[in-house]
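# Summary of structural features
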Amino acid sequence: MTTRALVITSSILAENGRSIALANHFHSRVAGRDDIAVTQRDVVANALPHLDSSELGAWQVAAAERTAEQHVLAARSDELLAELRANDVLVIAVPMYNLGIPSQLKAWFDRVLRAGETFRYTENGPQGLVEGKRAIILAARGGQYAGTEFDSQTPHLKNMLGLMGITDVDVVYAEGLNMGDQQRETAMKEAFQAIDQLVEGL
Ligand SMILES: Cc1cc2nc3c(=O)[nH]c(=O)nc-3n(C[C@H](O)[C@H](O)[C@H](O)COP(=O)(O)O)c2cc1C
């Protein structure tokens, strides 16, 4: 059986991005595997606009009753939802920018976190509707925050994934990338090894 992986990259530095290097390492490790099929989405090169009331409104109109403009607006989210559903593993390569995720990646989450599609509200709170998927986060950071109260990024990502029902989440950190050459080399090497192990388990 083929495992389908969706690799999402979100660095503003394109090929110079360290998170891109992590994603590329993942690509290189699965390249020879005929049991893994990879789809790549760069949310910076293909940036989505901020979610606004027109687009939100389009979701709330039944497809048969949408205007031409609403069809176009709803299609943005519909296409990303179809891509998400078509894959088994979500690999999210994420830089830390100003203690959070890139706004381009937030715009992607804003399209797939859609009530009635990927989660629903119940009397007991939200319930995820996306089943049987796992996520791998590849996190590149200038400083060191993992496991501290200053890491508001990982909990945010896990909470957004969890809202959809994706609770099987591994995180690979490459931290301290702006703390000297030695630290950067060590962090990247260790992150590559962690990716190797995760790929072996796929
Ligand atoms: C605009 C900007 C904001 C950043 N903010 C932070 C930050 O808050 N904390 C941190 O540890 N590193 C921060 N950094 C450093 C990045 O996390 C680091 O350069 C990392 O490699 C970014 O991933 P990328 O190379 O894939 O873009 C920032 C970098 C930029 C360009």
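For the structure itself, consult the block above.
Now for a quick tour of the structure.

Quick notes on the rules
Residues numbered from 1 in each chain as written. Predicted model: local features only at pLDDT ≥ 70, side-chain atom pairs only at ≥ 80, totals over all residues. Heavy atoms only, no water. Axes fitted to C-alpha atoms, helices over the stretch in contact; angles between N-to-C directions. Helix = DSSP H or I, 4+ residues; strand = E, 2+ residues; numbered from the N terminus. Parallel < 35°, antiparallel > 145°, perpendicular 65-115°, else oblique. Left-handed = near helix turned anticlockwise from the far one by under 90°. Contact = heavy atoms within 4.5 Å. Nonpolar A, V, L, I, M, F, W, Y, C, P; charged D, E, K, R; others polar. Near = heavy atom within 4 Å. Polar contact = N/O pair within 3.5 Å; in protein donor to acceptor, adjacent residues only side chain to side chain. Areas by Shrake-Rupley, 256 points an atom, 1.4 Å probe, with all protein chains shown as cover. Expected span 1.5 Å × (residues − 1). Buried < 20%, exposed > 50% of the residue type's maximum accessible area, 1.4 Å probe, protein only. Arc of directions from axis to C-beta. Pairing = 2+ DSSP bridges. Salt bridge = Lys/Arg side-chain N within 4 Å of Asp/Glu carboxyl O.

## Structural notes on the packing of helix 4 (residues 103–112) against helix 5 (residues 153–164)
When two helices pack together, you describe them by how their axes are tilted relative to each other and by the distance separating the axes. Closest axis-to-axis distance for the helix 4/helix 5 pair is 11 Å, and the angle between their directions is 15 degrees. Judged on the interaxial angle alone, helix 5 and helix 4 are roughly parallel. Note that helix 4 runs across helix 5; the crossing there is left-handed. Between helix 4, through Leu105, Lys106, Phe109 and Val112, and helix 5, the contact on the second element is made entirely by His156, Leu157, Met160, Leu161 and Met164. Considering only residue class, the contact of helix 4 with helix 5 consists of seven nonpolar, one polar and one charged.

## Re the site of the ligand
Surrounding the ligand, one finds 17 residues, the nearest of these being Ser11, Ser19, Met96, Tyr97 and Gly143. Gly142 places a polar main-chain atom, nitrogen or oxygen, 3.1 Å from an oxygen atom of the ligand. Protein burial of the ligand: of its 620 Å² of free accessible surface, 77% is covered by the chains. Of the residues assigned to the shell around the ligand, the class counts are eight nonpolar, seven polar and two charged.

## A short note on helix 5
The end-to-end C-alpha distance of helix 5, which contains twelve residues, comes to 17 Å, matching closely the 16 Å that a straight helix rising 1.5 Å per residue would cover. The set of residues buried in helix 5 consists of Gln153, Thr154, Leu157, Met160, Leu161 and Met164. Down the axis, helix 5 shows its buried residues gathered within 135 degrees of arc, on one side only. Looking at the buried residues of helix 5, the elements they touch are helix 3 (68–85), strand 3 (89–95), helix 4, strand 5 (125–128), strand 6 (134–140) and strand 7 (168–174). Trailing helix 5 by a residue or two, Gly165 shows a phi angle of about 105 degrees, which is positive.

## Points about the pairing of strand 4 (residues 119–122)
Examined bridge by bridge, strand 4 and strand 5 share four bridges and lie antiparallel to one another. Within strand 5, the position partnered with Tyr121 by the bridge is Pro126. Counted between consecutive antiparallel strands, the loop separating strand 4 from strand 5 contains two residues.

## Concerning the pattern of salt bridges
Within the structure shown, the criterion is met by twelve salt bridges. Its salt-bridge partner being Arg33, residue Asp35 comes within 2.8 Å of it at the nearest N-O pair. According to the relative accessible area criterion, Asp35 is partly exposed, its value standing at 27%. Looking at Arg33, the relative accessible area reads 23%, which means it is partly exposed. Taking the shortest distance from any N to any O, the salt bridge between Glu175 and Arg141 comes out at 3.0 Å. Residue Glu175 is located in the loop between strand 7 and helix 6 (181–200), and its partner Arg141 is located in the loop between strand 6 and helix 5; the two are separated by 34 residues in the primary sequence. Arg141 matches Glu175 in its accessibility class, with the two residues each being buried.

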